[in-house]
Amino acid sequence: MSNLLIVEDDELLRDALSAQLTQAGHTLLSAADGEKAQTLLESNRFDGVILDLGLPKVSGMEVLRWIRRRLPALPVLVLTARDGVDDRVQGLNAGADDYLTKPFSMAELQARLGAMLRRARLPAFGGSLELTADSHQRLRVDATLPQAWLGDEALELTQREWALLSLLVTHAGQVVSREDVLETWQSEPGDGAVVTNALEVYIHRLRRKLADSGLNIRNVRGLGYMLESAAP
Ligand code: CA
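Residues numbered from 1 in each chain as written. Predicted model: local features only at pLDDT ≥ 70, side-chain atom pairs only at ≥ 80, totals over all residues. Heavy atoms only, no water.

Thoughts on the overall build of the protein
- When its secondary structure is counted, the protein shows eight helices and twelve strands.
- Sorting the 232 residues of the protein into buried and exposed places 44% on the buried side.
- Across the protein, contacts joining residues at least 24 apart in sequence account for 54% of those joining residues at least 6 apart.
- Roughly 12,200 Å² of accessible area belongs to the protein as shown, and the carbon and sulfur atoms make up 49% of that amount. (Helix = DSSP H or I, 4+ residues; strand = E, 2+ residues; numbered from the N terminus. Buried < 20%, exposed > 50% of the residue type's maximum accessible area, 1.4 Å probe, protein only. Contact = heavy atoms within 4.5 Å. Areas by Shrake-Rupley, 256 points an atom, 1.4 Å probe, with all protein chains shown as cover.)

Focus: the pairing of strand 1 (residues 3–7)
- Counting buried positions along strand 1 gives four out of five residues, so the element sits mostly inside the fold.
- By the bridge criterion, five bridges tie strand 1 to strand 2 (residues 27–31) in an arrangement that is parallel. Across the sheet, the residue bridging to Leu4 is Leu28, located in strand 2.
- Once you follow strand 1 into helix 1 (residues 11–23) and on to strand 2, the crossover reads as right-handed. (Pairing = 2+ DSSP bridges. Right-handed = clockwise from strand over helix to strand, strands pointing away.)

Observations regarding the environment of Leu51
- Looking at the element boundaries, Leu51 is found in strand 3 (residues 48–52).
- Accessibility expressed as a relative area gives 0% for Leu51, which makes it buried.
- C-alpha of Leu51 to C-alpha of Val63: the two residues are twelve residues apart in sequence and 8.5 Å apart in space.
- Among residues more than four places away in sequence, those in contact with Leu51 are Val7, Gly60, Val63, Leu64, Val76, Leu77, Val78 and Leu79.

Overview of helix 2 (residues 34–43)
- All of the buried residues along helix 2 are Gly34, Ala37, Gln38, Leu40 and Leu41. When helix 2 is viewed along its axis, its buried side chains cluster within an angular range of 165 degrees and face the same direction. Turned more than 90 degrees off the buried face of helix 2, the exposed positions are Glu42 and Ser43.
- Where the residues of helix 2 are buried, they touch strand 1, strand 2, strand 3 and helix 3 (60–70).
- N-cap assignment for helix 2: the residue whose side-chain oxygen lies 2.9 Å from the backbone N of Glu35 is Asp33. (Arc of directions from axis to C-beta. Polar contact = N/O pair within 3.5 Å; in protein donor to acceptor, adjacent residues only side chain to side chain.)

Brief notes about the packing of helix 1 against helix 5 (residues 106–120)
- The contact between helix 1 and helix 5 brings their axes to 11 Å, and the two run at 60 degrees. The orientation of helix 1 relative to helix 5 falls into the category oblique. In terms of crossing hand, the pair formed by helix 1 and helix 5 is right-handed. Where helix 1 abuts helix 5, its residues Leu13, Ala16, Leu17, Gln20 and Leu21 lie against Met106, Leu109, Gln110 and Leu113.
- Considering only residue class, the contact of helix 1 with helix 5 consists of seven nonpolar, two polar and no charged. (Axes fitted to C-alpha atoms, helices over the stretch in contact; angles between N-to-C directions. Parallel < 35°, antiparallel > 145°, perpendicular 65-115°, else oblique. Left-handed = near helix turned anticlockwise from the far one by under 90°. Nonpolar A, V, L, I, M, F, W, Y, C, P; charged D, E, K, R; others polar.)

Structure representation (structure tokens):
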């Protein structure tokens, strides 16, 4: 099972989460504020974090940004008391892998947490990123050269298509925002509108190239794009 960090200042909820997840077989540590969370993250190895956004000392959003700088691959499930779309978008943009709005059921938390931890175990081997669709079709993307293969067949990709595909494969099952893509493409700030239009063109091209792969690039309205197994 997994080693988890729970960051929540509400003692009742923190204890309930701890009891529930311990019973589910996880090992865990908990923190009641953002500062303690950072201390624990510096001295322990975790498989995943459950992070409340409203925290004393150091806010949850700050902790999230801090995690993304230092531990980019660590899965984070954000808990938010407010159900505003702004919070959700902000959280996802800051690098949360998933979120839950309070109040939530323990069953839902366990399901979302389980899915997040499974996604984090998608293999990334040595010099290439690999992804196997539900159709068992295998996509492999070279991590350093603009090359990719679908099964044994090489895909013809431009530098930008490859950079976009690498980003989507690295974050398979998670939303990749337009900002993430712009950063990857190293665009100038003034390029915003031009690149946003270009992005749609590139997504369209990648979809065509992945047409028989069993993988789909989903448009997550207002948030970005997500690579996932195509519906059967
Ligand atoms: Ca709180």
